[in-house]
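Per-entry structural report
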Amino acid sequence: MPEPQHATTRPAGLLTGRNILVIGAGTRPADDPRAPVGNGRAVAVLAAREGASVACADISPTAAAATAALVGEEGARGLPLVGDATDPVQSAAVVAEALRELGTLDGLVVNVGIGLGAGLSDTSPQQWERVLSLNLSAPFLAAKYALPALADGGSIVFVGSVAGLRAATNSPAYDSSKAGLFGLTRHVAKEGGPRGIRANLVVPGLIDTPMGREASARRASRAGSFSRIPLGRQGTGWEVAEAVAFLLSERASYITGQSLVVDGGLSAV
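Residues numbered from 1 in each chain as written. Predicted model: local features only at pLDDT ≥ 70, side-chain atom pairs only at ≥ 80, totals over all residues. Heavy atoms only, no water.

To keep it simple, the criterion reads: UniProt positions are given in the numbering used here, feature names are shortened, and annotations may be inferred rather than shown by experiment.
Under an unreviewed UniProt entry, the chain has the name SDR family NAD(P)-dependent oxidoreductase and belongs to Streptomyces anandii. Entered under Sequence similarities (unreviewed entry) in the UniProt record, the comment concerning the chain runs "Belongs to the short-chain dehydrogenases/reductases (SDR) family."

This is the structure:
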């Protein structure tokens, strides 16, 4: 079955006039010139295509600048920002700079994550702490500093994984951290509710990204899972981005504290 292409003929405007901060907006470097887009970069570009100005934050200056340039090619303002999402000072600074440069913040997307370790016996305490720091503490920090900065009626979207629904990988730290995002999302939704700020979680399955290809190369079991996807293929970063854009928009105005699974039906069977 041919892979569907990202729609480019649909009228833009889902996020017109909004200012969005995407943390983890870069794409992991790859030697393959045909390498797929990562989720964070796809989110930033699609938000621009839908009319938003986008602050593109990443730990890599090169990655942040490249995504901001792609946002500019869509005719929107792309602001490259650099910071370590696990560092409280840098996380707060990224939010403050985005607010200062864009004037207002209407949305936050947090797209960060790594997986280390192999089973309980081969996962060191240091690996556990590193994964939890990026996969769960960084989203906490982003929400902590962004919630007061967001305009009333804004939206926060975390990007998680189906590994938060079941023991899907060999990394207990990865599975546990992604499960924790469900609880964090619900809490942020509760605190943001009085100001009309929504918080939701997008839960991708097996998505064809540079990180996903790297994981498949390490684990034959992951590649073997492709045949169990009811839709018969991997997803794309663009399809994850469509779900994020919907949750950022007013079309999701009465949806908060929820998870939207984007996995081609994998977790349903």
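Comments concerning the environment of Asp208
Here is the rule: Secondary structure follows DSSP: runs of H or I at least 4 residues long count as helices, runs of E at least 2 residues long count as strands, and numbering of each begins at the N terminus. The cut-offs for exposure are 20% and 50% of the maximum accessible area for each residue type, with area from a 1.4 Å probe on protein chains only; residues under the lower value are buried, those over the upper are exposed, and the others partly exposed. Two residues form a contact once any of their heavy atoms are found within 4.5 Å.
Note on placement: Asp208 falls in strand 7 (residues 207–208). On the basis of relative accessibility, which here comes to 13%, the residue Asp208 falls in the buried class. It is 9.3 Å that separates the C-alpha atoms of Asp208 and Asn39, two residues lying 169 residues apart in sequence. Not counting the four nearest positions on each side in its chain, Asp208 is found in contact with Pro36, Val37, Arg213, Gln234 and Gly235.

A short note on the confidence of the model for the chain
Our working definition: As a per-residue measure, pLDDT tells how confident the predictor is, with possible values from 0 to 100.
Summarising the model, the chain shows a mean pLDDT of 92, and 92% of its residues fall at 70 or more. Scored below 50 in pLDDT, residues 1–10 makes twelve contacts in the model with residues more than four places away or belonging to other chains.

Observations regarding the pattern of salt bridges
We count it as follows: Salt bridges are identified by distance alone: a Lys or Arg side-chain nitrogen within 4 Å of an Asp or Glu carboxyl oxygen.
The full count for this structure, using the stated rule, is five salt bridges. For Arg18, the salt bridge is made with Glu250, and the minimal N-O distance between the two is 2.7 Å. Placement of the pair is Arg18 in the segment before strand 1 (19–23) and Glu250 in the loop between helix 8 (237–248) and strand 9 (259–262), with a sequence separation of 232 residues. Its relative accessible area of 15% is what places Arg18 among the buried residues. Of the residues examined, Glu250 reaches a relative accessible area of 46% and is grouped as partly exposed. Between Glu239 and Arg233 there is a salt bridge, with its nearest N and O atoms 2.7 Å apart.

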